[in-house]
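Each chain, letter by letter, is given below.
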Amino acid sequence: SHSMGCFETAASIRPDSYAAWSNLGSLKAAMGNFSDAAKSLEEASRLNSSQSDVWHNLALIYYSLGSYSLSEDAFRRSIDLCGNDSDAWLGLGAAALRSRQPALAIDAAGKAIALAPASADAHVIAAYGFYLQQDLPKARENARRARELAPDLQLPAELDSLLKN
């Protein structure tokens, strides 16, 4: 596309510009080219490691690629730079669930809930973490809260069955 060409030109003219690489990576991600998006965002993070949005976007790309450990690391970098970003805590929790780290998922979801109490997704992550730890009362409590916050939310089957029992 024309936009892609513009961003590629910007990155080639200013290879030391983290913003050019970040914009190119975001565009590649929007077009579904996650592998190339990761490369561009990795370059952006190398050029300027103090931009939480670059780390956050890179974490989302790694998550989309199924690289959950890399996603966790990038979300942690984003959180280190901007600890009050509930979406970064939510992302860390989701990545932790994918890599079967329920304690980390519960902790991250708790931080997301503290920052954004109406986050049904954070309650789902906490509920599933508690479910994996076999703490069914806390799993049920968080699943119930998620359902209260978002009545049409599709819960994982395991959590849905907890609410029916």
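A short tour of the structure in this document, coming up.

Rules used throughout
- Residues numbered from 1 in each chain as written.
- Predicted model: local features only at pLDDT ≥ 70, side-chain atom pairs only at ≥ 80, totals over all residues.
- Heavy atoms only, no water.
- Helix = DSSP H or I, 4+ residues; strand = E, 2+ residues; numbered from the N terminus.
- Polar contact = N/O pair within 3.5 Å; in protein donor to acceptor, adjacent residues only side chain to side chain.
- Contact = heavy atoms within 4.5 Å.
- Core = buried A, V, L, I, M, F, W, Y, C linked by side-chain atoms within 4.5 Å.
- Buried < 20%, exposed > 50% of the residue type's maximum accessible area, 1.4 Å probe, protein only.
- Salt bridge = Lys/Arg side-chain N within 4 Å of Asp/Glu carboxyl O.

### A few points about the side chain of Asn 142
Alright, step 1. Turning to its location among the elements, Asn 142 is positioned in helix H9 (residues 136-149).
Alright, step 2. Within the structure, the side chain of Asn 142 is placed 3.0 Å from the backbone oxygen of Lys 138, a separation counted as a polar contact.
Alright, step 3. In contact with Asn 142, other than residues within four places in its own chain, are Ile 113, His 123, Ala 126, Ala 127 and Phe 130.

### Considering unusual backbone geometry
Alright, step 1. With phi around 55°, Arg 100 is a residue other than glycine that occupies positive phi space.
Alright, step 2. Note on placement: Arg 100 falls in the loop between helix H6 (86-98) and helix H7 (102-115).
Alright, step 3. With a phi angle near 65°, Gln 134 is a residue other than glycine that sits in the positive phi range.
Alright, step 4. Tracing the backbone through its elements, the reader meets Gln 134 in the loop between helix H8 (120-132) and H9.

### Digging into the nonpolar core
Alright, step 1. Formed by 42 residues in total, the largest nonpolar core has its most connected members in Leu 58, Ile 61, Trp 89, Leu 92, Ile 125, Leu 155 and Leu 159.
Alright, step 2. If you list the elements that add at least two residues to this core, you get helix H3 (34-47), helix H4 (52-64), helix H5 (68-81), H6, H7, H8, H9 and helix H10 (157-164).

### Re the pattern of salt bridges
Alright, step 1. For the structure on display, the rule yields 7 salt bridges.
Alright, step 2. Its salt-bridge partner being Glu 43, residue Arg 46 comes within 2.6 Å of it at the nearest N-O pair. One end of the pair is Arg 46 and the other is Glu 43, both in helix H3 and 3 residues apart, which spans about a single turn.
Alright, step 3. In this structure, the salt-bridge partner of Asp 160 is Arg 147, at a minimum N-O distance of 3.3 Å. Here the residue Asp 160 occupies a position in helix H10, and Arg 147 occupies one in helix H9, the gap between them amounting to 13 residues.

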